[in-house]
Amino acid sequence: MQQSATTMREGAAVPQRAATGGTAGAVRRRTRGGGVPVKPLILTLYLVFLLLPIYWLVSMSLKTNEEILSTFALWPQDLTFANYAEILSDPAWYMGYVNSTIYVVLNTVISVSVALPAAYAFSRYRFLGDKHLFFWLLTNRMAPPAVFALPFFQLYSSIGLFDTHIAVALAHCLFNVPLAVWILEGFMSGVPREIDETAYIDGYSFPRFFTRIFMPLIAPGIGVAAFFCFMFSWVELLLARTLTSVDAKPIAATMTRTVSASGLDWGVLAAAGALTIVPGALVIYFVRNYIAKGFALGRV
Amino acid sequence: MLTLDAVSSVVDGETHIADVSMTLEHGTLNILLGPTLSGKTSLMRLMAGLDAPTDGRLLFDGHDVTGVPVRQRNVAMVYQQFINYPTLSVYENIASPLRVARLPKPEIDRKVRDAAGLLRLEGMLDRTPLELSGGQQQRTALARALVKQADLVLLDEPLANLDYKLREELRAELPRIFAASGAILVYATTEPEEALLLGGNTATLHQGRVTQMGPTLEVYRRPVNLITARTFSDPPLNILPVAKHGPTVSADDGTVVPLGERIAGLPDGRFTLGFRPHELSLRPSDAATGVLSTPGRVAVTEITGSESFVHVEALGQRWVALDHGIHEVSPGQTVTVHLDTRRCMVFDADERLAAEPIVAAAA
């Protein structure tokens, strides 16, 4: 855990050096090879290409439609916040964010709270078929969501869950619970079993041990699992769009439907896109030191 | 009083503990001595109630506690690895069993500070365990075991992961710290030397069986069989297989071993002599009779400061001789080793002790 944290920090330091301390690197480079400072150049190019689409999106969102369609400019000539104002004042737009947030949060809470005991069982106990079951969990992620769109649509329609937030949240559990179980199991297996035993020897009951001792120990793991659930649920479009129509319509669906319906409102769409990036960026900030371990499913 | 009655433990068809019976009295220090995988930890886990035995019963003060989960038993345990709650402060780590028992706050505070004082952790109470040195982490674990005032305190190689200096310090303190509590203290170790330093009672374990149990010095001086003697000897016990024909005892190559009157009462047959490194000398013994002197080839010399262990090949065996002081003996050199046979343990063909040493071996 410690190690991955430092690696992440070092990783973060590299672009920083390229941006601020470029002169020192350049001097060293020049004295040796003479000529072009290759390393900072590559890094700068990389960062430019990485951030270009996001910059272009933000830049578009601050322009008027006329400007977007008529001229080519690297930055807004006629700065306007009207696009953002429209999104934040029109329920058809901002309810998309509200709906998305509701089912994403619901899904994250359900996934993590279901995955916690499951992961504990996989990490601490041996039972019939445990290894097969553990692997089988992950196979749920190997089918494209489209496979499940039809059965979910029919099922939810018939039991009256269609176009509700919980419907989307539950559908996303199909992908997120296995993922959360895998991530949490990795983090839990990093905690020595003797800590559990010491707690039992001290007299802790299982629920008290789990909430007071164990969960704080794997807090980074819970954070990372929650982040991954959030991320997958937030970006997933197909199931969310199939299972909703009006009341629980997600922002991503709102954006795509606007394209096909009332002509192209470039500026507003760009503003919606820019706003859609914000929650993910916020959440990732809190677990930035543990993301690498999360991608390795907790097994670093 | 903890009584183990024919306790066995079989996990996945593998026998971890086989038919162990023993009685541990309150206020005693009991040492489980055995090499790695001999079943020390398995036995402790059974005693604690962390695992249930496959067979047999555990009685605590006459009550049957077989299969009673550890939560309902009043035990404390310290592991070889430094196990603490990393997210809690040292104070909360020590207080943890008391908090669970819902003791009043002032009492918890008093007990925690007492234990911290005994284990010299006063200045560390606000830190978290991971900010402490290994020795301090293990002290924290010991303090937590101490405050609980458990009837049964299990210490599973608690000093094995500490450096030499700390180990000596804590080893001297441990029995004293727990003595006042009147608890049954069980201490597992792989080192015969540690058992001798701690005293108390020792049970030697070999492949899940208790080979002998009794006062530590008694077990050391009069092991009932060869396995116990081997377990309780570090460096390894020196062995010499011999054959007895009438009054003569000879090694396999015909060398006569002057055992004298000691084995007069024994029948003819094969025997094994066992003797510890300090009973084999590179210098002539001052004893008039009963000394076996034989040439040997030096294989390795280990110098440990004030003494040297010289590995020699003699009479077809690999022996270790303890030589006081540092002497330059180089590998390949031929030396004469002297064995005072009065100090040999004699084991019969079934590896049981047939004749104990006449001269008590110094610890």
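Remember, predicted model here, so these are calculated numbers, not experimental data. (Residues numbered from 1 in each chain as written. Chains lettered and ligands numbered in written order. Predicted model: local features only at pLDDT ≥ 70, side-chain atom pairs only at ≥ 80, totals over all residues. Heavy atoms only, no water.)

## Let's talk about the interface of chain B and chain A
Item 1. Contacts between the two partners involve 23 residues from chain B, matched on the other side by 18 residues from chain A.
Item 2. Among the residues chain B hides against chain A, the three largest losses belong to B:R71, B:Y85 and B:V100. Together they make up 33% of the total.
Item 3. Where chain B touches chain A, the interface holds three salt bridges.
Item 4. Here B:D12 and A:R126 are joined by a salt bridge, their closest N and O atoms 3.3 Å apart.
Item 5. Counting every contact that joins chain B to chain A gives nine residue pairs in polar contact (both at pLDDT 80 or more).
Item 6. Mapped onto the side of chain B that touches chain A, the elements with two or more residues apiece are strand 6 (75–78) and helix 2 (90–100) of chain B.
Item 7. Here the element with the most residues in the side of chain B that touches chain A is helix 2 of chain B; it accounts for four residues.
Item 8. Here the side of chain B that touches chain A is composed, by residue class, of twelve nonpolar, four polar and seven charged. (Contact = heavy atoms within 4.5 Å. Buried area = accessible area lost by both parts, 1.4 Å probe. Salt bridge = Lys/Arg side-chain N within 4 Å of Asp/Glu carboxyl O. Polar contact = N/O pair within 3.5 Å; in protein donor to acceptor, adjacent residues only side chain to side chain. Helix = DSSP H or I, 4+ residues; strand = E, 2+ residues; numbered from the N terminus. Nonpolar A, V, L, I, M, F, W, Y, C, P; charged D, E, K, R; others polar.)

## A few points about the layout of surface pockets
All names here are of chain B.
Item 1. A volume near 770 Å³ is recorded for the largest pocket.
Item 2. Contributing to the lining of the largest pocket are 25 residues, with E193, D234, P235, E307 and F309 lying nearest its centre.
Item 3. Those elements that place two or more of their residues in the lining of the largest pocket are helix 5 (164–179), helix 6 (192–198), strand 16 (307–314) and strand 17 (317–324).
Item 4. Of the residues in the lining of the largest pocket, the class split is twelve nonpolar, five polar and eight charged.
Item 5. Each of domain 1 (2–228) and domain 2 (235–355) gives at least three residues to the lining of the largest pocket. (1 Å grid on protein atoms, 1.4 Å probe; cavity = no way out; pocket = protein on both sides within 12 Å on 5 of 7 lines; lining within 4 Å. Points joined across faces, edges and corners; volume = space filled by probe spheres on them. Domains from an automatic or database assignment.)

## Digging into the domain arrangement of chain B
Residue and element names in this part refer to chain B.
Item 1. What the domain assignment reports for chain B is domain 1 (2–228) and domain 2 (235–355).
Item 2. If you average the C-alpha positions of domain 1 and of domain 2, the two centres end up 37 Å apart.
Item 3. Listed by partner, the interface residues are eight residues for domain 1 and ten residues for domain 2.
Item 4. Taking both partners together, domain 1 and domain 2 bury about 720 Å²; carbon and sulfur atoms supply 63% of that area.

## Here we look at the pattern of salt bridges
Residue and element names in this part refer to chain B.
Item 1. The full count for this structure, using the stated rule, is 28 salt bridges over all chains.
Item 2. For R57, the salt bridge is made with D64, and the minimal N-O distance between the two is 3.8 Å.
Item 3. Since its relative accessible area comes to 38%, R57 is described here as partly exposed.
Item 4. According to the relative accessible area criterion, D64 is partly exposed, its value standing at 41%.
Item 5. Across the salt bridge formed by R283 and D323, the nearest N and O atoms sit 2.9 Å from each other. Here D323 lies in strand 17 and R283 lies in the loop between strand 14 (280–281) and strand 15 (291–303), a separation of 40 residues in the sequence.
Item 6. One salt-bridge network, in which partners are shared between bridges, spans R120, R139, E169 and E173. (Buried < 20%, exposed > 50% of the residue type's maximum accessible area, 1.4 Å probe, protein only.)

## With respect to the sheet that holds strand 1 (residues 2–11) of chain B
Residues and elements named next belong to chain B.
Item 1. Strands sit in the order 2-1-4-5 across an open sheet of four strands; the sheet is antiparallel. Taken across any chain shown, the strands that pair with only one partner, and hence form the sheet edges, are strand 2 (14–24) and strand 5 (63–64).
Item 2. Taken together, the two bridges between strand 4 (residues 55–60) and strand 5 define a ladder with antiparallel strand orientation. The residue bridging L59 from the neighbouring strand is D64, located in strand 5.
Item 3. Each of strand 1, strand 2 and strand 4 is contacted by helix 1 (residues 40–48), which is oriented at about 60 degrees to strand 2, the strand it contacts most. (Pairing = 2+ DSSP bridges. Axes fitted to C-alpha atoms, helices over the stretch in contact; angles between N-to-C directions.)

## Describing helix 1 of chain B
Item 1. Where burial is concerned, most of helix 1 of chain B is hidden: seven out of the nine residues are buried.
Item 2. Looking one or two places after helix 1 of chain B, you find B:G49, whose phi comes out positive at around 95 degrees.

## Regarding the side chain of B:T231
Residues and elements named next belong to chain B.
Item 1. Within the fold, T231 resides in helix 8 (residues 226–231).
Item 2. A polar contact is formed between the side chain of T231 and the backbone oxygen of I227, at a distance of 2.7 Å.
Item 3. In this structure T231 touches L33, G34, P35, P192, T204 and L205, once residues within four positions along its chain are discounted.

## Some thoughts on the sheet that holds strand 10 (residues 209–215) of chain B
All names here are of chain B.
Item 1. Taken in spatial order, the six strands line up as 6-7-8-3-9-10 in an open sheet, and their pairing is mixed. Edge positions in the open sheet fall to strand 6 and strand 10, since each of these has one partner strand only. Pairs of neighbouring strands in the sheet enclose a mean axial angle of 15 degrees, with direction left out of account.
Item 2. Here five bridges tie strand 7 (residues 152–156) to strand 8 (residues 184–189), and the two strands are oriented parallel to one another. In the sheet register, L152 faces strand 8, and the bridge partner there is I184.
Item 3. Here helix 4 (residues 134–147) sits on the sheet and contacts strand 6 and strand 7; the angle it forms with strand 6, its principal contact strand, is near 170 degrees.

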